[in-house]
Amino acid sequence: MTLLLLFNITNGLIVGAFYVLMALGLSLILNLSNVINFAHGGFLVIGGYIAYAISPYVGFWGALLLAPPLTALIGLAVERVLIRPLYGRDPLYSLLLTFGLAFMIEDGTRFIFGPQGKPVAIPPFLAQPLSNDLFFITGYRLFMVAMVIVAIALLFVLLRYTRLGIRIRAGTLDLETVAALGINVRMLRSLNFAVGIFLAGLSGVLAAGQLGLEPTMGTGLLMPSFIAIIVGGIGSLPGTLAGGLLIGVASGVTAVFFPAASEAVIYMMMAVVLLARPRGLFGEEGMMS
Amino acid sequence: MQSRKLIVLVAIWAVLLLAPYWMAPLGGYTALATRVLVLGLAAMSLNFLLGFTGVLSFGHAAWFGLGAYGAGLTLKHLATSTPLALLAGMLLGGLCGAILGTLIVRRRGVYFAMVTIAFGQVFYYIAFQWSSLTGGDDGLRGFARQPIDLGVFRLDILTDATAFYYFVLSCFALAVAAMGFILRSPFGRTMIAIRENERRSRFLGIPIERHIWIAFTLSCFFMGFAGALYALVNNFADPHGLHYSQSGDFVMMAVMGGMRSFWGPLLGAAVFVVLQDYLSSVTVNWMSFVGLLFILVVLFFPRGLLGFFQRSRA
Amino acid sequence: MPISRRSWSVDRRTILKSGALIAAAQITSPFVIRARGETPIRIGMVDPLTGVYAAIAQNEVVGAKYAAEEINKKGGILGRPIELLVEDSANDVGTGVQKTRKLIDRDQVSFIIGDVNSGIAIAMAQVTSEKKVLHVVSGGHTDPITGTSCSWNVFRVCNSTAMDANAIATTLIEKFGKKWYFLTPDYAYGHSVQASFEKILKSAGGTSAASLVPLGTPDYSAYLIQAKAYSPQVLINVMGGGDQVASLKQFVQFGLDKQMAVGGTLFELESIRAVPDGARVGWWTMEWWWDQPGVPHVAEFNAAMKKITGSAATARNWFGYASVQTLAVIANQEKTLDAPKLAHALAGFKLPPEIALQPGAPEYRAGDHELMSTVFVGEAHPPQGDADNMFTVKSPVPGDKAAGPVEESGCKMQWPA
């Protein structure tokens with residue numbers, strides 16, 4: 001039993017890492033631009049399908065390298081044309097717009113690639129367990145975790161040490177002052193959006209190897225990412241990171257004892273956290289009101 | 001001004017009252033009109049909060065769906081009485097909303113939206129998972145709306161689509177009258193004051209949180225009532241009614257019709273339901289068109305159809 | 001190592017094919033094969049053309065549409081052409097009910113077909129019973145449709161879950177053993193399949209354990225860990241659609257396919273196509289199979305489907321086809337559109353070979369209105385020769401044998417006075 005529990009905790013961390021990737025992208029966009037991106041799951045699907053479409057030419061590794069930036073480019077275009085006019089307006093509008101956009105992306109991928117799921121194979125050396133005892137730690141899952149860690153590390157470096165990152169963080173705290181200092185806020189938001197979508201695209205490529213690649217793939221992954229953000233505390237990226245890992249472990253462990261609640265548990269966790277700490281685990285004063 | 005309002009009001013009710021007669025020649029059908037009424041009521045309930053208090057809940061489908069389950073479970077297990085089912089549905093949706101409301105009234109703006117989405121999904125998962133009670137993904141079935149005994153005669157709302165339409169219309173009228181009454185009361189004025197300037201209202205000594213909570217709760221009760229009617233429409237309740245995508249549809253109806261006006265959401269619901277019904281018959285890619293509609297409305301008609309007309313007239 | 005081994009030409013074909021499919025569906029909904037002079041007889045079809053079942057639902061439409069064309073070539077129903085009106089239920093009960101009412105009230109259809117989603121199918125059956133319209137459930141599998149919720153006007157083409165489970169259970173026991181682990185989706189369909197399996201396993205003296213998995217679960221490791229801890233001889237994978245694809249992929253990645261057998265009821269051709277070669281494994285039932293050497297008319301049907309969709313006919317194509325053909329053949333035989341009369345005639349009606357497309361002549365059993373269709377038990381594998389040759393039928397089980405006695409269905413058929 002303890003062994004089973006240990007298995008599931010490790011496993012939950014692996015799953016959680018994936019939620020973190022999704023949630024970080026969402027969180028970046030939410031924090032700086034006040035946009036709840038309902039189309040995030042859609043961009044994940046786009047990332048997956050781009051990888052599927054280009055991998056016959058560039059291979060798995062090429063697709064992994066190219067698909068996220070291509071997705072980010074699409075995201076950039078969407079931001080320019082559709083989201084930009086909505087800054088400064090009630091967040092209701094960007095919510096509705098991305099909600100509609102998610103519809104169009106789902107239907108669009110179905111139109112282009114057909115309703116049938118696509119087979120996506122991963123390199124054989126990744127598609128097997130590392131050892132017989134720890135069979136659930138496959139090369140691919142470790143690889144996914146590694147990719148998530150790399151992505152988070154890069155994001156950390158970006159936010160902490162580059163000019164763009166410092167501006168993004170400053171903008172999150174006080175956009176008006178940042179604008180008053182003569183920084184091009186529009187550009188800042190565009191780039192920030194693109195970074196968020198890049199992460200969604202990366203999630204999509206990684207998910208395609210693990211799940212079935214189909215137009216509705218993104219919908220089920222969106223909600224846990226939301227919860228991760230709320231649990232961690234809206235406005236805090238470390239919070240999002242902790243929230244994602246936490247809900248991954250929680251649902252993994254619950255699946256052992258009470259599988260029917262393995263999804264519900266993350267919502268219960270959210271309720272408990274909100275009761276005890278209304279701003280989430282890492283939320284800061286002023287962020288939520 | 002007053003007389004023009006009256007004319008508009010008379011026109012709205014005339015259109016609604018005569019719907020079964022003019023829908024069919026125009027290619028509609030009575031069940032569609034019934035659906036418009038129910039979803040319109042839901043959109044108006046949401047707008048009670050969104051349009052008049054300025055608080056965006058993106059999880060309101062939860063109360064709608066709970067209302068449906070409340071009505072369905074009552075008809076199935078407790079009593080075969082339509083009025084009782086409506087009452088039970090309204091109570092279930094309203095009370096759950098009231099309790100959760102206490103948790104979330106202090107959030108604002110985008111965070112309020114986000115937390116309501118998440119809590120709405122809690123109820124979605126409960127409905128989805130608790131198969132023994134709710135029927136899970138297959139939905140709750142095995143109940144049907146019951147004829148209404150009015151003493152003098154029986155109103156057969158089960159098999160007669162037109163009779164059922166008028167039954168729903170009278171329920172709708174009742175709810176809408178209550179809504180209008182509340183909005184005209186001092187409480188309703190306070191709601192609007194909060195919407196216009198929360199900080200100033202706070203300085204005036206208005207207990208903002210309590211007012212928002214009351215508005216939220218009332219809106220949940222109306223929503224539960226609409227949901228209960230929806231269960232009667234389908235003789236069925238299923239988890240999809242609680243899903244956030246349903247919430248999105250309601251918000252869209254309110255915005256598309258015009259969220260600053262009382263009747264706007266009904267117009268929005270009519271356009272949305274009819275358009276979706278039509279599009280999904282004509283093309284399998286209707287989702288793209290509905291999505292495009294969302295985007296176009298947001299970008300070009302943010303004040304909704306009514307807002308657009310009023311402005312172009314002015 | 002590329003993600004996919006597909007070459008460009010296949011890729012483009014896939015795109016063209018899906019484009020053609022969508023274009024077809026565009027025209028077909030509402031799709032009109034108009035008549036010369038006569039008012040057409042309308043058949044309404046409600047299926048989830050969008051959402052998670054889109055692939056199989058659209059394949060049913062393709063088959064139904066083809067049937068309508070064939071029938072019209074041969075003079076239609078009672079000398080009148082038929083018109084197939086297709087509506088999207090969007091995998092939502094409320095919408096499905098609404099569309100059914102629309103088809104009956106406004107479009108005045110004579111027959112209703114649908115839905116892939118069992119929950120919607122039952123809700124639709126409530127409407128069709130109320131309106132006294134003959135209703136063929138093309139592709140919803142749960143037992144109640146022809147069991148506890150059966151109705152005089154509802155007939156079903158696809159199998160019940162019990163039939164599929166019964167057909168393959170003995171094979172699995174004989175080949176692999178009696179210790180099983182279930183991966184069951186946590187809703188009525190899953191429960192009903194698992195219950196059917198457990199009944200047979202128990203009577204054979206076997207043991208089992210199960211994980212009930214929430215629908216739409218992206219990651220199955222938590223459940224597969226438990227499965228492995230139980231060390232079963234067979235993992236019964238009851239998951240459907242995208243869930244089945246994801247769970248099988250992960251099952252194989254964990255190397256569990258080398259430690260236990262995998263199998264279950266349905267692993268539809270649509271799903272086999274959606275997984276990579278490595279996950280094309282296990283023992284399953286097909287409810288119809290395109291490669292039946294020596295059985296008349298099957299090759300023609302398969303060729304016709306191939307012409308439309310670009311790939312081999314699937315069971316879903318046949319469900320749609322058989323549903324429409326059933327309605328036409330019975331109406332022409334009885335020379336009426338009266339629903340009770342047709343329902344009486346259909347009870348016990350044997351499908352002719354050009355519709356049955358399988359060995360023998362399956363009948364709509366009078367006691368529960370379930371089509372006693374052959375269940376094709378076999379093994380999935382990567383393509384051999386033909387790209388769609390990914391399943392080999394090992395033993396076709398006659399439908400009446402798989403279904404068991406009618407009393408066990410729980411159906412008490414009530415006819416209108």
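One can find the structure itself at the top, above this paragraph.
Each value, and the rule that gives it
Counting restarts for each chain: residues are numbered from 1 in the order of the written sequence. Starting at A for chains and at 1 for ligands, labels are handed out in the order in which the entities are written. In keeping with the model being predicted, local features are shown solely for residues with a pLDDT of at least 70 and side-chain atom pairs are shown and tallied solely at 80 or more, while totals for entire chains, interfaces and linings include all residues. Strands are runs of DSSP state E lasting at least 2 residues, helices are runs of H or I lasting at least 4, and numbering of each runs from the N terminus. With the radius of gyration taken over C-alpha atoms, the globule rule is written as 2.2 Å times the number of residues to the power 0.38. A residue is called partly exposed when the number of other C-beta atoms within 10 Å of its own lies between 12 and 20, exposed at 12 or fewer, and buried at 20 or more, with C-beta atoms placed from the backbone. The contact rule is simple: place each C-beta atom from the backbone, and if two of them lie within 7 Å, those residues are in contact.

A. Summary view of the overall build of chain C. If you tally the helices and strands in chain C, you get 14 helices and 12 strands. Whereas a compact globule of 417 residues would reach a radius of gyration of roughly 22 Å, chain C reaches 21 Å, a difference of no more than 12%. Overall, the C-alpha framework of chain C stretches about 65 × 55 × 45 Å when taken along its three principal axes. Within the span of chain C, comprising 417 residues, buried residues form 62% of the whole.

B. Summary view of the overall build of chain A. In terms of helices and strands, chain A carries 10 helices and 0 strands. If you list the helices and strands of chain A from N to C, you get α-α-α-α-α-α-α-α-α-α. In terms of C-alpha radius of gyration, chain A reaches 19 Å, essentially the compact-globule figure of 19 Å for 289 residues. For chain A, the spread of C-alpha atoms along the principal axes amounts to about 60 × 50 × 35 Å. Looking at chain A residue by residue over its 289 residues, the buried ones come to 62%. A separation of at least 24 residues holds for 73% of the contacts in chain A among residues at least 6 apart in sequence.

C. How the structure looks around unusual backbone geometry. Residues and elements named next belong to chain C. The omega angle of the peptide bond from G114 to D115 is 15 degrees, so this bond is cis rather than trans. Relative to the helices and strands, D115 is located in the loop between β3 (111-113) and α4 (118-131). Notably, Q108 is not glycine yet its phi reads approximately 55 degrees, a positive angle. Counting through the fold element by element, Q108 comes out in the loop between α3 (93-106) and β3.

D. Looking closely at the interface of chain C and chain A. Across the contact, 50 residues belong to chain C and 47 residues belong to chain A. For the side of chain C that touches chain A, the secondary structure elements donating two or more residues are α1 (8-28), α2 (54-73), β7 (207-213), α7 (221-230), α8 (241-253) and α9 (269-274) of chain C.

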